[in-house]
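# Coordinates in review
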Amino acid sequence: MSVSYWLDKTDGTAEYDIVIIGGGIAGHSLCYWFQKIMPKMKVALVEKGELGSGATGRNAGFVTCGSVEHFNRLVGTHGEKLALEMWQFSEENLKLLKEEVIKDPSSLSFEEKGSFSLASTDNEFIELKKSADLMRRLGIEVDMLEEKDIQNRLGAIGFVGGIKYVKDASIHPIKLLEELYRISSRKGVDFFSQTEVFSMEKSGDKRILKTNKGSFLCDAIVMATNGYSSLIHPFFKGKIEPTRGQILAVEPVDIFMEGPCYANFVLDYFRQLPTGELLIGGFRQLDKEKEQGFSDETNPTIQKALERFIEDHLPKLKDKRITHRWSGIMGFSQDGQPFIGSLPDDPQVYFLGGFTAHGLGLAFHGAKTLVDAMAGKEIPHWLSGRRV
Ligand SMILES: Cc1cc2nc3c(=O)[nH]c(=O)nc-3n(C[C@H](O)[C@H](O)[C@H](O)COP(=O)(O)OP(=O)(O)OC[C@H]3O[C@@H](n4cnc5c(N)ncnc54)[C@H](O)[C@@H]3O)c2cc1C
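Since the structure is predicted, the reported quantities are computational estimates derived from the model, not experimental observations.

Looking only at helices and strands, the chain features 9 helices and 18 strands. Counting only C-alpha atoms and orienting by the principal axes, one finds that the chain spans roughly 65 × 45 × 40 Å. Per-residue burial for the chain yields a buried fraction of 56% across its 388 residues. For the chain, the share of sequence-separated contacts (at least 6 apart) that also reach a separation of at least 24 residues comes to 73%. Within the structure as shown, the chain displays about 16,800 Å² of accessible surface, and the carbon and sulfur contribution to it stands at 50%. Each charge class in the chain was averaged separately, 47 positive and 53 negative side chains, and the resulting centres sit 1 Å apart.

Every one of the 35 residues lining the ligand counts as a neighbour, but Glu47, Thr56, Phe62, Val197 and Leu360 are closest to it. In the environment of the ligand, an oxygen atom lies 2.9 Å from a nitrogen or oxygen atom belonging to the backbone of Ala26. Take Ala357: an N or O atom from its main chain is 3.0 Å from a nitrogen atom of the ligand. Of all the secondary structure elements, the ones that give two or more residues to the shell around the ligand are α1 (25–37), β12 (241–250), β16 (322–332) and α9 (359–374). Element by element, the count of residues in the shell around the ligand is highest for α9, at 3 residues.

Membership of the largest hydrophobic core comes to 63 residues, with the highest contact counts inside it found for Ile20, Leu30, Phe34 and Phe71. Here this core gets 8 residues from one element, more than from any other, and that element is helix α3 (residues 80–100). Excluding anything up to four places from it in sequence, Phe71 contacts Ala83, Leu84, Trp87, Ser131, Leu134, Met135, Leu138 and Ile140. Core analysis: the second largest hydrophobic core is formed by 25 residues, Leu145, Ala263, Ile280 and Leu314 among them.

If you trace the 8 strands from one edge of the open sheet to the other, you get β5-β6-β4-β13-β14-β15-β12-β16, paired in mixed fashion. Looking at the sheet topology across the chains shown, the edges are occupied by β5 (142–146) and β16. When the angles between neighbouring strand axes are averaged without regard to direction, this sheet yields 20 degrees. The pairing of strand β4 (residues 115–119) with strand β6 (residues 161–165) spans 5 bridges and is classified as antiparallel. For Leu118, the partnering residue across the bridge sits in β6 and is Gly162.

The next point concerns the domain arrangement of the chain. Many descriptions give the size of an interface as the accessible area lost when the pieces come together. Here the domain parsing of the chain yields domain 1 (14–111 + 168–240 + 333–388) and domain 2 (112–167 + 242–331). Contact with domain 1, which involves 40 residues of that partner, is made by 38 residues of domain 2. Both sides together, the interface formed by domain 1 and domain 2 hides about 3,300 Å², and carbon and sulfur atoms give 59% of it. Its largest share of buried area at the contact with domain 2, domain 1 owes to Phe62, His70 and Asp168, together 22% of the area lost on that side. Connecting domain 1 to domain 2 are 5 salt bridges. Its salt-bridge partner being Lys98, residue Glu112 comes within 2.6 Å of it at the nearest N-O pair.

Of all 5 residues that make up strand β17 (residues 339–343), 5 are buried, and the element is covered over most of its length. Examined bridge by bridge, β17 and strand β18 (residues 346–353) share 5 bridges and lie antiparallel to one another. Looking across to β18, one finds that Ile340 is bridged to Leu352. What sits between β17 and β18 in their antiparallel hairpin is a turn of 2 residues.

Further remarks concern α9. The end-to-end C-alpha distance of α9, which contains 16 residues, comes to 21 Å, matching closely the 22 Å that a straight helix rising 1.5 Å per residue would cover. Summarising burial for α9: 13 of the 16 residues are buried, a large majority. Just downstream of α9, Gly376 is the residue with a positive phi angle, here 120 degrees.

This part is about the environment of Trp33. With respect to the helices, strands and loops of the structure, Trp33 is situated in helix α1. Sequence separation of Trp33 and Thr369 is 336 residues, and the distance between their C-alpha atoms is 9.3 Å. Among residues more than four places away in sequence, those in contact with Trp33 are Met38, Leu96, Glu100, Phe364, Ala367, Lys368 and Val371.

Our focus in this paragraph is the packing of α1 against α9. Any two packed helices are characterised by the angle at which their axes cross and by the distance between the axes. Direction vectors running N to C along α1 and α9 enclose 40 degrees, while the axes themselves pass 8 Å from each other. The orientation of α1 relative to α9 falls into the category oblique. The hand of the α1/α9 crossing is right-handed. The segment α1 lies against α9, with Ile25, Ala26, Ser29, Leu30, Tyr32, Trp33, Phe34 and Ile37 engaging Gly359, Leu360, Ala363, Phe364, Ala367, Lys368, Leu370, Val371, Asp372 and Met374. A class-by-class count of the residues in the contact of α1 with α9 yields 14 nonpolar, 2 polar and 2 charged.

Conventions we followed
- Sequence order as written defines the numbering, with residues in each chain counted from 1.
- Local features in this predicted model are restricted to residues whose pLDDT is 70 or higher, and side-chain atom pairs enter the listing and the counts only when it is 80 or higher, whereas totals over whole chains, interfaces and linings include all residues.
- Side-chain numbers come from the whole structure's heavy atoms, not from hydrogens or water.
- Numbering of helices and strands runs from the N terminus, with a helix taken as a DSSP run of H or I at least four residues long and a strand as a DSSP run of E at least two residues long.
- When accessible area is computed with a 1.4 Å probe and restricted to protein chains, residues below 20% of their type maximum are described as buried, those above 50% as exposed, and intermediate ones as partly exposed.
- Any pair of residues with heavy atoms lying within 4.5 Å of one another is described as a contacting pair.
- In short, Shrake-Rupley with a 1.4 Å probe defines the accessible areas, and a residue's cover is counted only from the protein chains shown.
- Only four residue types enter the tally: Lys and Arg on the positive side, Asp and Glu on the negative side; His and the chain ends are excluded.
- Charge placement uses NZ in Lys and CZ in Arg. For Asp and Glu, CG and CD serve respectively.
- Working definition: residue near molecule or strand if any one of its non-hydrogen atoms lies within 4 Å of it.
- Within 3.5 Å is the distance limit for a polar contact, defined as a pair of N or O atoms, with the added protein rule that one can donate a hydrogen and the other accept it, and that residues adjacent in sequence qualify only through two side-chain atoms.
- For this analysis, a nonpolar core means a set of buried residues of the types Ala, Val, Leu, Ile, Met, Phe, Trp, Tyr and Cys, connected via side-chain atoms within 4.5 Å.
- DSSP calls a pair of strands paired once it identifies at least 2 bridges connecting them.
- To define axes, lines are fitted to C-alpha atoms, for helices over the stretch in contact only, and angles between the resulting N-to-C directions are given on a 0 to 180 degree scale.
- Note that the domain bounds were set by an automatic or database domain assignment.
- The term buried area denotes the loss of accessible surface (1.4 Å probe radius) that occurs when two parts are joined, taken as the sum for both partners.
- What makes a salt bridge here is a side-chain nitrogen of Lys or Arg within 4 Å of a carboxyl oxygen of Asp or Glu, nothing more.
- To estimate how far a helix should extend, the number of its residues minus one is multiplied by 1.5 Å.
- Oblique is the label for any angle not under 35 degrees, not over 145, and not in the 65 to 115 range, which are roughly parallel, roughly antiparallel and roughly perpendicular in turn.
- Less than a right angle of anticlockwise turn of the near helix away from the far helix marks a crossing as left-handed, whereas a clockwise turn marks it as right-handed.
- Only Asp, Glu, Lys and Arg are considered charged, only Ala, Val, Leu, Ile, Met, Phe, Trp, Tyr, Cys and Pro nonpolar, and every remaining residue, Gly among them, polar.

Written as structure tokens, this is what we have:
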């Protein structure tokens with residue numbers, strides 16, 4: 001974005017070693033790892049809204065392994081070895097979150113009930129069975145479900161079968177951010193909300209971030225702006241695409257679901273919160289063109305489809321009241337994997353994003369990978385920002 005004369009408020013300049021842009025799960029995870037791995041660095045995080053204003057405060061709270069597609073397809077694209085590495089990366093994400101951050105699970109509404117992928121067609125069920133065979137052979141714990149099991153354990157109808165990923169989890173995403181914030185701010189990381197970055201400029205060895213609240217002079221910048229990244233730098237055009245996701249929430253009912261579920265090749269999803277409310281999301285495939293871009297409006301076509309999903313699959317929600325409808329902007333990469341690295345035209349500007357609807361399952365480990373890389377470690381090629 002360019003900066004007008006009127007908006008160029010250079011009256012105040014704050015100095016830091018590192019400034020992170022973006023207060024979602026990626027930005028807050030970066031704060032955590034900077035204070036842990038590089039404790040001497042003076043770090044600030046700037047966020048144009050409030051903590052979690054972006055996708056992180058609008059998601060469904062699934063903390064799942066793997067990626068946007070069934071494991072058999074991941075193997076088909078990348079081969080067994082790399083697909084397993086990708087899966088293990090997100091397993092490690094959950095392990096790190098538990099070891100480092102989730103000390104009191106119930107205070108974060110953190111539950112380890114696994115997650116389910118449900119097939120409404122025989123063809124998808126065949127793929128799920130193939131995935132299960134592959135996963136078991138590679139040592140990943142999964143269970144198979146028949147139609148009856150789905151009705152009994154998940155209260156859902158209209159599905160022919162499914163798979164349970166035994167080790168997956170779910171969380172309250174804002175409570176997770178607040179916990180990360182609490183840890184990092186105690187260790188001296190500074191937070192600036194309502195602070196929008198307009199431009200990043202070079203000044204000799206230093207970098208200047210111009211914002212609506214003044215300038216930040218620093219040695220390194222880390223962009224954790226995910227879906228919004230191409231608004232700040234053109235490198236991300238065609239790499240991290242802003243893609244909208246929609247959810248609705250239904251008033252609380254007695255707990256009837258064993259765990260959170262995906263359906264229809266991971267495109268649609270539903271879960272029951274520990275407090276009884278249901279979240280139902282997905283269906284962006286119905287209006288792909290409109291669901292691109294930076295506006296976080298709700299889309300009536302998709303919201304209608306979410307209501308139809310309740311009628312078709314969730315009889316226990318009949319006549320229950322819809323309490324919330326919302327949308328959020330995600331960052332999608334073409335291969336579904338995140339981007340970690342530094343800009344080709346400026347190695348002092350780093351980035352972490354492109355989680356393709358799986359940031360809770362990837363960003364904490366992703367942030368560690370970036371901070372480790374800044375300390376000299378190599379980034380695996382499949383995560384590298386230079387791979388395409
Ligand atoms: C409806 C929906 C459901 C989802 N469900 C799940 C799920 O169940 N599980 C899961 O793992 N993932 C889910 N996701 C995806 C997940 O939310 C994202 O992958 C994750 O939140 C990305 O985190 P982030 O920190 O990279 O980006 P964000 O949370 O989007 O954070 C980026 C931040 O950068 C800020 N920013 C942007 N530009 C500027 C600027 N110029 N100056 C200052 N600040 C700026 C934004 O305000 C924003 O807060 C879902 C997403 C949506 C929208």
